[in-house]
Amino acid sequence: MLFGLIVACEVAFWVLLVAGLAVRYLLRRQRLGGLLLLAVPVVDLVLLVASVVDLRDGGRAELTHGLAAAYLGFSVAFGHDMVRWADARFAHRFAGGPPPDRRKLYGRERARYEWRAWGKGVIGWAVACGLLLAGVALVGDLDRSAALLEWAGRLTFVMVVWLVFWPVAYTLFPKRAPRDAGTHQSLSGGAGR
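Every value quoted in this text rests on a predicted model; they were computed, and no experiment measured them. (Residues numbered from 1 in each chain as written. Predicted model: local features only at pLDDT ≥ 70, side-chain atom pairs only at ≥ 80, totals over all residues. Heavy atoms only, no water.)

With respect to the packing of aromatic side chains
For any pair of aromatic rings, geometry is given as the distance between the ring centres together with the angle between the planes.
Right, on to step 1. A full pass over the atoms with the stated rule returns seven aromatic pairs.
Right, on to step 2. Ring geometry for Phe13 versus Trp14: centroids 5.1 Å apart, planes at 85°, classification edge-to-face.
Right, on to step 3. Overall, Phe13 belongs to the buried group, its relative accessible area being 4%.
Right, on to step 4. Ring plane angle 45° and centroid distance 5.1 Å describe the contact between Phe90 and Phe94, whose orientation is recorded as tilted. With Phe90 and Phe94 both in helix α4 (residues 63-95), this residue pair falls four residues apart, about one helical turn.
Right, on to step 5. Taken together, the aromatic side chains of Tyr25, Phe90 and Phe94 make up a single cluster linked through ring pairs. (Phe/Tyr/Trp six-rings, centres within 6.5 Å; stacked < 30°, edge-to-face > 60°. Buried < 20%, exposed > 50% of the residue type's maximum accessible area, 1.4 Å probe, protein only. Helix = DSSP H or I, 4+ residues; strand = E, 2+ residues; numbered from the N terminus.)

Comments concerning the layout of surface pockets
Right, on to step 1. By volume, the largest pocket is sized at about 630 Å³.
Right, on to step 2. Considering the residues around the largest pocket, the lining is formed by 18 residues, among which Arg84, Trp85, Asp101, Leu105 and Tyr113 are closest to the centre.
Right, on to step 3. Counting residues per element, the ones that place at least two in the lining of the largest pocket are α4 and α5 (107-139).
Right, on to step 4. In the lining of the largest pocket, the residues fall into eight nonpolar, no polar and 10 charged.
Right, on to step 5. Contributions of two or more residues to the lining of the second largest pocket are made by α2 (30-38), α3 (40-56) and α4.
Right, on to step 6. Ranked by the residues each element gives to the lining of the second largest pocket, the list is headed by α4, at five residues. (1 Å grid on protein atoms, 1.4 Å probe; cavity = no way out; pocket = protein on both sides within 12 Å on 5 of 7 lines; lining within 4 Å. Points joined across faces, edges and corners; volume = space filled by probe spheres on them. Nonpolar A, V, L, I, M, F, W, Y, C, P; charged D, E, K, R; others polar.)

What follows is the structure, encoded as structure tokens:
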């Protein structure tokens, strides 16, 4: 049942996001669109409450409880960015807003981007692991909550892999801009001075 709720929450996230943006930009109802966008985090709250109730009622912690904690953690860390990303595209497409930034990043700028993204991932990891440990405490039995501790290990492994192959790799081995991209930037005045 919890897995179905996780899927429903992900669908509800996108439905509320698209509905909020459509109301804001297509119907030109800023306040109502904003209210719909504010309802997006409520979806996470529903999932959190359902997970806590399931565990509190004597349920054995399973894969889905760990998945719910991971979903919630990374939703907290990246949800705002996803809303901002979609908002910029809707504003450009339907309200004459500026085009979204589509330039590729190279060198130090790309390394900074990767470190910022990983830092947000650390926030998501910390929230998820906090929820996992709270679940272990709520269950009160290490045997019944082993799946939650396994999830904490999985998430930690993912964060280490992410660290090595993105921020550290882009810092130690910065990707250089193609020669024609550099020429184009300097001709258009876009060289980073």
